[in-house]
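Chain residues, written in single-letter form:
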Amino acid sequence: MKSFLINLKNRMWFVPSLYSLLSFVLAILTITVDYYWAASMEEYLPDFMMTRVDLAQVVLSAIAGSLLTMTTFTFSTVMVVLTTYSSQFSPRALKHFINDKTTVRGLGIFMGGFIYCITALLFMRNSLQQEFVTAAFFGVAYAIGCLAFFAYFIHHVATSIQISSLIGRLERDTLKVLDFYKKLQKENVVQEEKMIPRLYRYKKEVSSKESGFLQFVDFNGLLEHSAEKDVLIDLKIRVGKFIRKGQTLYTIYSNSEKNEDLTEYLSLGSERMGKYDLEFSIQRISEIAVRAVSPSINDPNTARDCIRYLGVLLGDTAELNDGQLTMTDKEGKPRVTIPFFIFERMLYKSFYQIVHYAKQDISVILALLDAMIIIQKEMPDSRQETIYSFHRYILQNIEKENLQEWDSKFLNEKIDDLQARIQ
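If you're wondering where the values come from, they're calculated on a predicted model, not measured in any experiment. (Residues numbered from 1 in each chain as written. Predicted model: local features only at pLDDT ≥ 70, side-chain atom pairs only at ≥ 80, totals over all residues. Heavy atoms only, no water.)

Student: It is not clear to me how helix H13 (residues 362-378) should be interpreted in this structure. Could you clarify?
Tutor: Side chains of residues three or four places apart in an α-helix project in the same direction, reflecting 3.6 residues per turn. The terminal C-alpha atoms of H13 lie 25 Å apart, and with 17 residues this matches the ideal 24 Å at 1.5 Å per residue to within 8%. Among the 17 residues of H13, 13 are classified as buried, and the element is accordingly described as predominantly covered. (Helix = DSSP H or I, 4+ residues; strand = E, 2+ residues; numbered from the N terminus. Expected span 1.5 Å × (residues − 1). Buried < 20%, exposed > 50% of the residue type's maximum accessible area, 1.4 Å probe, protein only.)

Student: Sorry, what's going on with the packing of aromatic side chains here?
Tutor: Centre-to-centre distance and the angle between the planes together describe a pair of aromatic rings. Applying the stated criterion across every chain yields a total of 20 aromatic pairs. Note on phenylalanine 180 and phenylalanine 219: the rings are 5.9 Å apart at their centroids and 45° apart in plane angle, and the pair reads as tilted. Here phenylalanine 180 is found in helix H8 (residues 163-187), whereas its partner phenylalanine 219 is found in helix H9 (residues 219-229), with 39 residues between them in sequence. By relative accessible area, phenylalanine 180 is classed as partly exposed at 31%. On the numbers, 6.5 Å between centres and 85° between planes, the contact of tyrosine 181 with phenylalanine 219 is edge-to-face. In this pair, tyrosine 181 is assigned in helix H8 and phenylalanine 219 in helix H9, connecting sequence segments 38 residues apart. (Phe/Tyr/Trp six-rings, centres within 6.5 Å; stacked < 30°, edge-to-face > 60°.)

Student: So what exactly am I meant to see when it comes to the pairing of strand S8 (residues 248-254) here?
Tutor: On a regular strand, one side chain projects to one face of the sheet and the next to the other, so that they alternate. Among the seven residues in S8, six count as buried, and that is most of the element. Here strand S4 (residues 202-207) runs beside S8; their pairing, made up of six bridges, is antiparallel. Residue lysine 203 lies in a different strand from S8, and its bridge partner there is tyrosine 253. (Pairing = 2+ DSSP bridges.)

Student: Honestly, the sheet that holds strand S7 (residues 242-243) in this entry has me stumped. Any pointers?
Tutor: To summarise the sheet geometry, strands pair through backbone hydrogen bonds and adopt either a parallel or an antiparallel arrangement. One open sheet accounts for three strands, arranged S7-S5-S9; its pairing is antiparallel. For this open sheet the edge positions go to S7 and strand S9 (266-269), each flanked by a neighbour on one side alone. Note that strand S5 (residues 212-217) and S9 share four bridges and pair antiparallel. The partner of phenylalanine 216 across the bridge, within S9, is serine 267.

Student: Just to check I follow, could you spell out the pattern of salt bridges for this structure?
Tutor: Where side chains of opposite charge bring their charged atoms close, a pairing between them can arise. Under the definition given, this model contains twelve salt bridges. The closest approach of N and O atoms between arginine 335 and aspartate 230, which form a salt bridge, is 3.0 Å. In this pair, arginine 335 is assigned in strand S11 (residues 334-339) and aspartate 230 in the loop between H9 and strand S6 (232-235), connecting sequence segments 105 residues apart. Judged by relative accessible area, aspartate 230 falls into the partly exposed class, the value being 34%. For lysine 414, the salt bridge is made with aspartate 370, and the minimal N-O distance between the two is 2.7 Å. In this pair, lysine 414 is assigned in helix H15 (residues 405-422) and aspartate 370 in helix H13, connecting sequence segments 44 residues apart. Assessed through its relative accessible area of 18%, aspartate 370 is described here as buried. (Salt bridge = Lys/Arg side-chain N within 4 Å of Asp/Glu carboxyl O.)

What follows is the structure, given as structure tokens:
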């Protein structure tokens, strides 16, 4: 159920549909009040809240047309921004803007206003018993609110389309994912090797019924379920990995034959989700840097900013251990094992494309070495050699014969800084 709700919230149509439904309910309530209670309440309401039926029809018609135009303009603006994100930044950043709260709320508010006006007009006739109604007042109040939100939406779009703003939001989203896994690791145990107790007599491998990415795992739900059923669940892939149909998804260890269905705790889909996928969250920033150093864009300043953010994020992963995450119940018995992260893999996946495409741009190479220094400051001693080894990988891709004297000077300064820290 939790995975279903998460997927539902990630649908762009969900929030606009919810706002539209609430506006429809508001229209029904307003019409009901006008039909049955407006006359008795007229002496208690201010005069400006009451309008004649014919005037209310004119006002609501004008508002409905205006809000429909506003909705169309908003939708067109969203399409322009999505095109810009895809061509200038990264196709993986599209979902970030689509699921943005301001974007979906804007569409929902404007659609809801149109539905309110149309619904109110449908039930408003000249034969209405009461001479005065309140529907027009609420329609005008709604329209004023829509206008104020429209101004905020334009400001939001103008801010969102700036690359610095996008990178900052992607960094904050990645830090949220990091905090989630840090908390998960703090409450459980991460070991280098998987330890399966021998007390279980039965072992059953469960294959995936479809191909796709593992988008979400309800860790707490799996733990509660395994403790209740007295089983050990060994998940074979981590969040974000692709699995083909028929491949083993998880293994159940038990003392009696079990036929457990864990689909409600796992979510497979055709695309990756940044909310729980740490590698994908970092990859989105990396792709912007790769696009920035491409000949078609040629924006090394953006690439350098992305690289420095990547250095900060990868430095923060120092608290995450390599290996297998083992979740235990209240009695300390292992109940769920999940593949955790491998730092070397994340380091390589974050930078290898940038290293390949930026080997002729000394400014980007210097930024890469700056990122190594940032990461090195946060790394424990056991991982210092990994950073130093990766910096040699960066240098091996440089065309050193094309370097000028000043290029070599600043490059050697970065190398000396890294060497000083490793010693």
